[in-house]
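So you can see what is in the structure, the chains are spelled out below.
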Amino acid sequence: MSDLNLIRNLSTLVALRTTEVEKLQAVQAEKEATAERYRKNLERLHSLATNSGASGALPIALAANCGNYKQAVLAMADNHRLDLTMHEADMAVSQRALTAAFVKREVLGQVLEKKQAVVTTAKNVQERKVHDDLATQLWLRGQK
């Protein structure tokens, strides 16, 4: 495989890895937004439970109703907390995948840069050799 084909293939791989990193970043941002919604919902549920008032001062039927309401809201908050914990664990896994994809992209980028530098150096050496040969020929012609 020629150096230009290798560079072209490496460039394509770097572009694909960059696309993969961008997709994973978008997914991570969506997950962060979802986690923030969970946190806001938990705040609202806590507010609902505390603002429903004391049930001891109410008649028995209303007190039972208020107590059941608080239990339902607190149970919902517990479920939300569990969902948030699971979601945060999923976010951690996604973050590790994003980091791994970024590292792969950076490594490929460095390999591409090194290969481009090698090709550029070889091209410069070749050009210098041609110039030196031309200068030698010109000097030899001038000696005759």
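Preceding this paragraph is the structure being described.
Residues numbered from 1 in each chain as written. Predicted model: local features only at pLDDT ≥ 70, side-chain atom pairs only at ≥ 80, totals over all residues. Heavy atoms only, no water.

Draft legend 1. Molecular detail of the overall build of the protein chain. Helix and strand counts for the protein chain stand at two helices and zero strands. For a compact globule of 144 residues, the expected C-alpha radius of gyration is about 15 Å, and the protein chain comes in at 33 Å, more than 25% above that figure. Along the longest, intermediate and shortest principal axes, the C-alpha atoms of the protein chain span 125 × 25 × 15 Å. When burial is assessed residue by residue, the protein chain has 18% of its 144 residues classed as buried. In the protein chain, the share of contacts with a sequence separation of at least 24, taken over all contacts with a separation of at least 6, comes to 81%. Carbon and sulfur atoms provide 60% of the accessible area of the protein chain, an area that totals close to 10600 Å². (Helix = DSSP H or I, 4+ residues; strand = E, 2+ residues; numbered from the N terminus. Rg over C-alpha atoms; globule rule 2.2 N^0.38 Å. Buried < 20%, exposed > 50% of the residue type's maximum accessible area, 1.4 Å probe, protein only. Contact = heavy atoms within 4.5 Å. Areas by Shrake-Rupley, 256 points an atom, 1.4 Å probe, with all protein chains shown as cover.)

Draft legend 2. Examining the nonpolar core more closely. Grouped together as the largest cluster of nonpolar side chains are nine residues: Ala35, Tyr38, Leu42, Leu45, Ala49, Val73, Ala77, Leu84 and Met91. Top element by residues in this core is helix H1 (residues 3–51). It accounts for five residues. Here Ala35 is in contact with Leu84, His87 and Met91, once residues within four sequence places are set aside. Counting residues in each nonpolar core, the second largest holds six residues, with Ile7, Val14, Leu112 and Val119 among its members. (Core = buried A, V, L, I, M, F, W, Y, C linked by side-chain atoms within 4.5 Å.)

Draft legend 3. Main features of the pattern of salt bridges. Following the criterion strictly, the structure yields eight salt bridges and no others. Where Lys31 meets Asp90, a salt bridge forms, and the shortest distance between an N and an O atom there is 2.8 Å. With a gap of 59 residues between them, Lys31 in helix H1 and Asp90 in helix H2 (residues 60–143) connect regions that are remote in the sequence. Its relative accessible area of 35% is what places Asp90 among the partly exposed residues. Across the salt bridge formed by Glu36 and Arg39, the nearest N and O atoms sit 3.4 Å from each other. Taken together, the residues span about one helical turn, with Glu36 and Arg39 both in helix H1 at a distance of three residues. Look at the salt bridges and you will find they share partners, linking Glu32, Glu36, Arg39 and Glu88 into a network. (Salt bridge = Lys/Arg side-chain N within 4 Å of Asp/Glu carboxyl O.)

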